[in-house]
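# Tertiary structure, described
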Amino acid sequence: MRANRSWMKAHRRSAEFQSGVDEFVAVTTNHVNTDGLARCPCMRCLNVNFHTPATIRVHLFLSGIQPSYNPWYFHGETFSQPAIELPENDEEEMADVLADMLRGDPGFDESANTTDSFNEPPINDNNKFDDLFKEMEAELYPGCKKSALNALVKLMHCKVLNRWSNHSFDMLLSILIDLFPEGTKLPKSHYESNMRLRNLGLGYDSIDVCKYNCAIFWKENEKKEFCPVCGESRWVKRKGKGKKVPHKVMRYFPLTPRLKRLYFSRHTAEDMRWHYSQRPKEDGVLRHPADAEEWKQFDRLHPSFAVEPRNVGPSSPGKDIDVFMRPLIDELKQLLETGVETRDAYNGTVFSMRAAVLWTINDFPAYALMSGWSTKGYMACPTCNEHTPSIGLNSKIGYVGHRRFLEMSDPRRRSKKYNGKPEKRAPPPVLMGDDILTQLDRIPLTLPGKHKQFGGVKRKRSSEELNWSKKSIFFELEYWKSKSLRHNLDVMHIEKNVCDSLVGTLLSIDEKSKDTDKARMDLQDLQIRRELWLYEDRNGKWKKPPASYTLSVQERIEFADFIKSVRFPDGFAANLDKNVNLDTGKISGLKSHDCHVLLQRLLLAGIRNFLRKEIRDTIIELCVYFKQLCSRTLHVSDLEKMQINILTILCKLETIFPPAFFDIMVHVVMHLPQEAILGGPVQYRWMYPIER
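What counts and how
Residues numbered from 1 in each chain as written. Predicted model: local features only at pLDDT ≥ 70, side-chain atom pairs only at ≥ 80, totals over all residues. Heavy atoms only, no water. Helix = DSSP H or I, 4+ residues; strand = E, 2+ residues; numbered from the N terminus. Buried < 20%, exposed > 50% of the residue type's maximum accessible area, 1.4 Å probe, protein only. Phe/Tyr/Trp six-rings, centres within 6.5 Å; stacked < 30°, edge-to-face > 60°. pLDDT = per-residue confidence, 0-100. Contact = heavy atoms within 4.5 Å. Core = buried A, V, L, I, M, F, W, Y, C linked by side-chain atoms within 4.5 Å. Arc of directions from axis to C-beta. Axes fitted to C-alpha atoms, helices over the stretch in contact; angles between N-to-C directions. Parallel < 35°, antiparallel > 145°, perpendicular 65-115°, else oblique. Left-handed = near helix turned anticlockwise from the far one by under 90°. Nonpolar A, V, L, I, M, F, W, Y, C, P; charged D, E, K, R; others polar.

### Overview of the overall build of the chain
- Helix and strand counts for the chain stand at 24 helices and 16 strands.
- Classification of the 692 residues of the chain by burial places 47% in the buried group.

Written as structure tokens, this is what we have:
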């Protein structure tokens, strides 16, 4: 267990920090080398440089201590390994799990039991669980109080936590079997252990895959020796005779048993109907995806599905990903059309559990893989489709022209300060599922895989294909075409990209700033904002005039000092000290959540003294927009206003920053309010729970 060293994050002038430094220096004096020196963990030395304990003390007060340096492994402490955390009454807990599984089986005869109480073990007439109950009751070895099943679960837990290979696990089992008294009930191999745990619903299916990802050897292809698409052998060529080894193997974890376990357990069965029976319901207020329009629309279109409150909608995560998703899609078809009989541990009834994919949650590159719409090029926006506002620039594509989404009577449409021309195009139409299918019908059939004779052939898309690369396998689900929200734009990554572009441009950070020489050349090409064009000085060198949206060196240092001085409540945010360089006024190494806090909390206050009012106010409006969007409770009326406001904000930004600032991640910000109306609060639809 690591010591509680909150002082490492305390203010350097506090008594708590001073006491902690004294403690550390006392430890350091006992771990010096032959020259009387030890590693210094201050924020400048970072345990790389060696100094005397007295010098280390001075460094810690001047620069602070590396907050993540715990345990002090360069100063005598060791890493503590994660413990296996099972309850003290783990035998009773194991029996409780097996009892839940037995009761959850639809074939379980409740009438054969003498009690309705879950506190007594059920009568077991189901042969499927006989072996598990025997192992639970069997001693690990003669005289041991622990069961064989208990030992097996703990060993497999250790294997997963410490990433043991199958070979090392087999070696450990062999040693334990030799050490234990004769008659031990431990399995002899990893594979035998897996087979025993399959009855707990913890197994997976191993499915061979073609060398070129053309197909999987499953169902009708399960017994085939050659790929049904490209004809390539299923097996690796090996000299001599021996066990056949496939080129690739996919491990598929079936969805159905995992959903059924949620109802088997008395601890989770009631929660599975929370959205129906206990969720607060108030028109126009979004607290949960069930409050949102997409969920309600699905219920309206599929009333037989909606009538059962226990039915669920799971979210699922190259071009060939559809090949690997074939087992999942087939399983989802069964779960929607026929369902699977499941016992609800909450009330003991048997019902037909059905499931549907509500939407997918993925970052923007994965969006292209899942949807089939390429997120690159002039039509990169999957929502705007062929009407994506974009222009070619000197080094990239700029996604500008948001005036097109305004009302036709809006005066900004007539202004020439955006691109030198008025905007006369009507707002793009909203595409429905049938419109998408019509576009997909134009795509020629291409086989999957990387084989050069089939799917591996690269070809240029025709203009009729737009940005489609394939028809997603999700369209095999009958309800997919009727959905308004199929794939979520991930707010977490969008927010980080917008923050990086904004802060990078304001602080002129290399590789992050969008205010480059080529960006200034774009302004000249468009014949707008002449005061920002590059000019040639007396020595023949091209110079870039200072822009009103960038901070001077001194202003950057003051801004960085402000960021460095902020202290957050414990657990609210990471310490940003390590990301700030006071010498240059630059900020680097920001993680997604750092950008979340910086954009929504700090940037609003930090830029007040440095920018002109119209620039400052527009940036603050953008920050407030993200803060409102990430609220736990949303109101449809507010989101409708935000949908209008974000267009105004983007139009203002187009008059401030060069077109190069507007990459695709800045553009898709305009679609987030509509997705919130359809899908509900972003906390249920972004990547934080998946990536963190």
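### So, unusual backbone geometry
- Although it is not a glycine, Glu511 adopts a positive phi angle of roughly 70°.
- Of note, the phi angle at Gln527 is positive, near 60°, even though the residue is not glycine.
- With respect to the helices and strands, Gln527 occurs in the loop between helix H17 (517–526) and strand E12 (535–536).
- Residue classification places Gln527 among the exposed positions, given a relative accessible area of 54%.

### Section: the packing of aromatic side chains
- Applying the stated criterion across every chain, the model contains 18 aromatic pairs.
- On the basis of an interplanar angle of 80° and a centroid distance of 4.9 Å, the ring pair of Trp373 and Trp468 is categorised as edge-to-face. With Trp373 in the loop between helix H14 (364–371) and strand E9 (391–392) and Trp468 in the loop between helix H15 (433–440) and strand E11 (487–488), the pair connects residues that are 95 residues apart, well separated along the chain.
- Assessed through its relative accessible area of 1%, Trp373 is described here as buried.
- With a relative accessible area of 6%, Trp468 lands in the buried category.
- An aromatic cluster of at least three residues, connected via ring pairs, comprises Trp7, Phe17, Phe24, Phe61 and Trp72.

### A look at the confidence of the model for the chain
- On average, residues of the chain score 84 in pLDDT, and 88% of them reach the 70 mark or higher.
- pLDDT under 50 marks residues 81–88. Its contacts with residues more than four places away, or in other chains, come to 9 contacts.
- Counting interchain partners and residues more than four positions distant, the pLDDT-below-50 stretch residues 114–126 has 25 contacts.

### Things to note about the environment of Gly679
- Counting through the fold element by element, Gly679 comes out in helix H23 (residues 672–679).
- Gly679 gets classed as buried once you look at its relative accessible area, which sits at 0%.
- For Gly679 and Trp359, which are 320 residues apart along the polypeptide, the C-alpha to C-alpha distance reads 8.8 Å.
- If sequence neighbours within four positions are ignored, Gly679 has contacts with Pro289, Ala292, Trp359, Leu485 and Arg685.

### Focus on the nonpolar core
- Counting residues in hydrophobic clusters, the biggest one holds 89 residues, and the most contacted among them are Leu502, Phe559, Leu603, Ile619, Leu622, Tyr625 and Phe657.
- Counting residues per element, the ones that place at least two in this core are H14, helix H16 (491–506), helix H18 (553–565), helix H19 (592–606), helix H20 (613–629), helix H21 (636–656), helix H22 (664–667) and H23.
- The biggest single contributor to this core is H21, with 9 residues.
- Ignoring anything within four residues of it in the chain, the contact list for Leu502 reads Leu599, Leu603, Ile619, Leu622, Phe657 and Phe661.
- Residues Leu328, Leu440, Phe475 and Trp480 belong to the second largest nonpolar core, which totals 38 residues.

### With respect to helix H2 (residues 53–63)
- Within the sequence span of H2, burial applies to Pro53, Ile56, His59, Leu60 and Ser63. Seen along its axis, H2 keeps its buried residues to an arc of 110°; they face one direction. Of the residues in H2, the exposed ones pointing more than 90 degrees away from the buried face are Ala54 and Leu62.
- Residues of H2 that are buried in the fold lie against helix H1 (15–28), strand E1 (38–39) and strand E2 (50–51).
- Of the residues flanking the end of H2, it is Gly64, one or two places downstream, whose phi is positive at about 85°.

### With respect to the packing of H19 against H20
- Across the interface, H19 lies against H20 with an axial gap of 8 Å and an inter-helix angle of 150°. For the element pair H19 / H20, the angle class is roughly antiparallel. As H19 packs across H20, the resulting crossing turns out to be left-handed. Where H19 abuts H20, its residues Leu599, Gln600, Arg601, Leu603 and Leu604 lie against Ile619, Ile620, Cys623, Val624, Phe626 and Lys627.
- Its residues placed into classes, the contact of H19 with H20 shows 8 nonpolar, 1 polar and 2 charged.

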